[in-house]
Structure formats: structure tokens, C-alpha cells
Amino acid sequence: MENITYKALVVEEDGNRYSRKIKELTTEHLFSYGDVLIRVYYSSLNYKDALSATGNKGVTKNYPHTPGIDAAGVVIASNNEKFQSHEYARRLWRIHLRPFRLDRKAS
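Residues numbered from 1 in each chain as written. Predicted model: local features only at pLDDT ≥ 70, side-chain atom pairs only at ≥ 80, totals over all residues. Heavy atoms only, no water.

**Some thoughts on the overall build of the protein**
Broken down by element type, the protein carries 1 helix and 5 strands. By residue count, 34% of the 107 residues in the protein fall in the buried class. Excluding contacts between residues fewer than 6 apart, the proportion of contacts in the protein whose partners are at least 24 apart in sequence is 53%. Here the protein has roughly 7300 Å² of accessible surface; of this, 49% comes from carbon and sulfur atoms. (Helix = DSSP H or I, 4+ residues; strand = E, 2+ residues; numbered from the N terminus. Buried < 20%, exposed > 50% of the residue type's maximum accessible area, 1.4 Å probe, protein only. Contact = heavy atoms within 4.5 Å. Areas by Shrake-Rupley, 256 points an atom, 1.4 Å probe, with all protein chains shown as cover.)

Okay, here's the thing in C-alpha cells:
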């Protein structure tokens, strides 16, 4: 798979301070067996994402972190027999600077 550059909101922890930055990252370290990579066309941040972005340890325990789990897009690479390239994806269950994991039962 080719290495793709993308932008992400990254929340980092420094002691008791949290910073938020839009960073340019690559997919180089993301993709492994059984994972699905999606080109996200639409996404949103919800209430829990906002809590995570402010350093709420009840929502996110480990930083750096990329908040957001709701997105829609197209599968661009798959190491999972359940998902094919160019298939539409309606929801991602985990986005944390690693591959996006899908669950077909999601609505």
C-alpha cells in the first residue's frame, strides 16, 4: 500500500496541560493484518470528543490522541476479507492514529 499523507486533530498531554493541533501525518505506521483503511469524506466531533480534547481522563486515558469515532467514507485498502476496496463505510469504531476498525453491525 502506498504511504498516504493526511491531516488529523491531535491532542497531546504535557503534565497537566493539553494542547490541540492539526498535524500532517502519514499512514506508514497504521496498517496491519485484519485492518481497514478508509478515506474519510465526512466526520464530526461529538460531546465526548470535546471532553477528550480538553484532557478528560474519564474519556481518554492515553495521549497523544485523535478524537472522533463517527465518519463516512470509502475503503481504500483492506487486509480483512469482510471489507473490499471501494466499499462505502458508514461508521468507524476506532480512530486513534492507527487503522480504522469497522463493525458491519454498526448503524
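**Comments concerning the pattern of salt bridges**
Between side chains of opposite charge, pairing is possible as soon as their charged atoms come close. Under the criterion given, the structure shown has 2 salt bridges. Between K23 and E12 there is a salt bridge, and its shortest N-O distance comes to 3.0 Å. Of this pair, K23 sits in strand β2 (residues 17-26) while E12 sits in strand β1 (residues 5-14), and the two are 11 residues apart along the sequence. Taking relative accessible area as the criterion, E12 reaches 25% and is therefore assigned partly exposed. Close ionic contact of E13 with K57 constitutes a salt bridge, the shortest N to O distance being 3.2 Å. Of this pair, E13 sits in strand β1 while K57 sits in the loop between α1 (47-53) and β4 (71-78); the two residues are 44 residues apart in sequence, bridging distant segments of the chain. Taking relative accessible area as the criterion, E13 reaches 36% and is therefore assigned partly exposed. Residue classification places K57 among the partly exposed residues on the basis of a relative accessible area of 37%. (Salt bridge = Lys/Arg side-chain N within 4 Å of Asp/Glu carboxyl O.)

**What to know about the side chain of N80**
Note on placement: N80 falls in the loop between β4 and β5 (88-89). Apart from residues lying up to four places away in sequence, N80 is in contact with G34, D35 and V36.

**Quick notes on unusual backbone geometry**
Backbone torsion omega between Y63 and P64 reads 5°, so that peptide bond is classified as cis. For P64, the location among the structural elements is in the loop between α1 and β4.

**Some details on the environment of Y63**
Its place among the elements puts Y63 in the loop between α1 and β4. Sequence separation of Y63 and D14 is 49 residues, and the distance between their C-alpha atoms is 9.4 Å. Apart from residues lying up to four places away in sequence, Y63 is in contact with V11, E13, Y18, S52, G55, N56 and K57. At a separation of 2.9 Å, a polar atom in the side chain of Y63 contacts the main-chain carbonyl oxygen of S52. (Polar contact = N/O pair within 3.5 Å; in protein donor to acceptor, adjacent residues only side chain to side chain.)

**Focus: the confidence of the model for the protein**
On average, the protein scores 76 in pLDDT, and the residues at 70 or more come to 79%. Taken element by element, the predicted model of the protein shows its lowest mean pLDDT in β5 (65) and its highest in β2 (91). Confidence over residues 92-107 falls short of pLDDT 50; this stretch has 52 contacts with residues more than four positions distant or in other chains. (pLDDT = per-residue confidence, 0-100.)

**Things to note about the side chain of T60**
Take T60: it is sitting in the loop between α1 and β4. Aside from chain neighbours lying at most four places away, what touches T60 is S52 and H65.

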